[in-house]
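Here are the chains, one letter per residue:
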Amino acid sequence: MTEISTARHVFSSDPSRIDAERVHALLSTHAYWALGRPREVHEAAMAGSRNYGVYDAETGRQLAYARVVTDGATFAWLCDVIVDPDARGAGIGVRLVQGVLADLEPLRLKRIALVTEDAHGLYRKAGFEVLDDPERWMVRPGVL
């Protein structure tokens, strides 16, 4: 497990630290991609993923969350990245993404992908780029 601390925040890959109820509330009420997501769907997604958090170093309160779906060898999908609206603007999203990438680095994955409508700047800071060849990628929408 990876844990990175500063005076104000702690990044952790320890799944036992995740406050699933709080994460579900953040995602289902503040994330455009997960609005109204049922709790049981989120719990199933967490169970099949690597889960990460950033916490207030003093109180232990979870301030941010991300999860990664991966085969652990070649590919990962970074998703459900969210920072508590009351904690935004303090670099927590950057710390979260940096921590996730540091945790994945030993896997030597060929590709880490994500989708965003509005956080391109955050992800560019971490080395993500827009696709050179988006016409090669396809998606099959599912039913929720």
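Residues numbered from 1 in each chain as written. Predicted model: local features only at pLDDT ≥ 70, side-chain atom pairs only at ≥ 80, totals over all residues. Heavy atoms only, no water.

## Comments concerning the overall build of the chain
- On a plain count of helices and strands, the chain comes out with four helices and six strands.
- The helix and strand sequence of the chain, counted from the amino end, reads β-β-α-α-β-β-β-α-β-α.
- Taken over the C-alpha trace, the chain has a radius of gyration of 15 Å; the compact-globule value for 144 residues is 15 Å, and the two agree within 12%.
- Considered along the principal axes of its C-alpha atoms, the chain spans approximately 45 × 30 × 25 Å.
- Across the 144 residues that make up the chain, the buried fraction comes to 40%. (Helix = DSSP H or I, 4+ residues; strand = E, 2+ residues; numbered from the N terminus. Rg over C-alpha atoms; globule rule 2.2 N^0.38 Å. Buried < 20%, exposed > 50% of the residue type's maximum accessible area, 1.4 Å probe, protein only.)

## Focus: the side chain of Asn 51
- By the element assignment, Asn 51 lies in strand 3 (residues 50-56).
- From its side chain, Asn 51 meets the backbone oxygen of Ser 49 in a polar contact 3.1 Å long.
- Within the structure, Asn 51 has its side chain in polar contact with the side chain of Tyr 65 (distance 2.4 Å).
- For Asn 51, the contacting residues outside a window of four places in its chain are Ser 12, Ser 13, Ile 18, Met 46, Tyr 65, Ala 66 and Arg 67. (Polar contact = N/O pair within 3.5 Å; in protein donor to acceptor, adjacent residues only side chain to side chain. Contact = heavy atoms within 4.5 Å.)

## Regarding the environment of Ala 34
- Residue position: Ala 34 is located in the loop between helix 1 (20-30) and helix 2 (39-47).
- Under the relative-accessibility criterion, Ala 34 is labelled buried at 2%.
- For the pair Ala 34 and Gly 53, spaced 19 residues apart in the sequence, the C-alpha separation amounts to 18 Å.
- Excluding its chain neighbours within four sequence positions, the residues that come into contact with Ala 34 are Leu 27 and Ser 28.

## Details of the pattern of salt bridges
- This structure, assessed with the given rule, holds six salt bridges.
- Of the charged contacts, one joins Arg 50 and Asp 103 as a salt bridge, the two residues approaching to 3.1 Å between their closest N and O atoms. In this pair, Arg 50 is assigned in strand 3 and Asp 103 in helix 3 (residues 92-104), connecting sequence segments 53 residues apart.
- Here Arg 50 falls in the partly exposed class, since its relative accessible area comes to 32%.
- Classification of Asp 103 by relative accessible area gives buried; the value is 14%.
- Overlapping salt bridges, with partners in common, bring together Arg 37, Arg 67 and Asp 80 in one network. (Salt bridge = Lys/Arg side-chain N within 4 Å of Asp/Glu carboxyl O.)

## Looking at a nonpolar patch on the surface
- Side chains of Val 69, Trp 77, Val 115, Leu 131 and Trp 137 sit close together on the surface and give an oily, nonpolar patch of about 440 Å² of accessible area.
- Along the chain, Val 115 falls in the loop between strand 6 (111-113) and helix 4 (120-125).
- Overall, the relative accessible area of 64% leaves Val 115 in the exposed class. (Patch = residues over 30% accessible without salt bridge, like charges linked within 9 Å, V, L, I, M, F, W, Y side chains within 5 Å. Areas by Shrake-Rupley, 256 points an atom, 1.4 Å probe, with all protein chains shown as cover.)

## Thoughts on the packing of aromatic side chains
- Applying the stated criterion across every chain, the model contains three aromatic pairs.
- With a centroid separation of 4.9 Å and 85° between ring planes, the pair formed by Tyr 32 and Trp 33 is classed as edge-to-face.
- On the basis of relative accessibility, which here comes to 37%, the residue Tyr 32 falls in the partly exposed class.
- Given the relative accessible area of 37%, Trp 33 is considered partly exposed.
- Plain terms: the ring middles of Tyr 123 and Phe 128 are 5.8 Å apart, the flat faces sit at 80° to each other, and that makes the pair edge-to-face. As far as burial versus exposure is concerned, Tyr 123 and Phe 128 are alike and both buried.
- Lying across the ring of Tyr 55, Arg 17 places its NZ or CZ 4.2 Å from the centre. (Phe/Tyr/Trp six-rings, centres within 6.5 Å; stacked < 30°, edge-to-face > 60°. Lys NZ or Arg CZ within 6 Å of the ring centre and 35° of its normal.)

As far as function goes, none of this settles anything; it's purely spatial.
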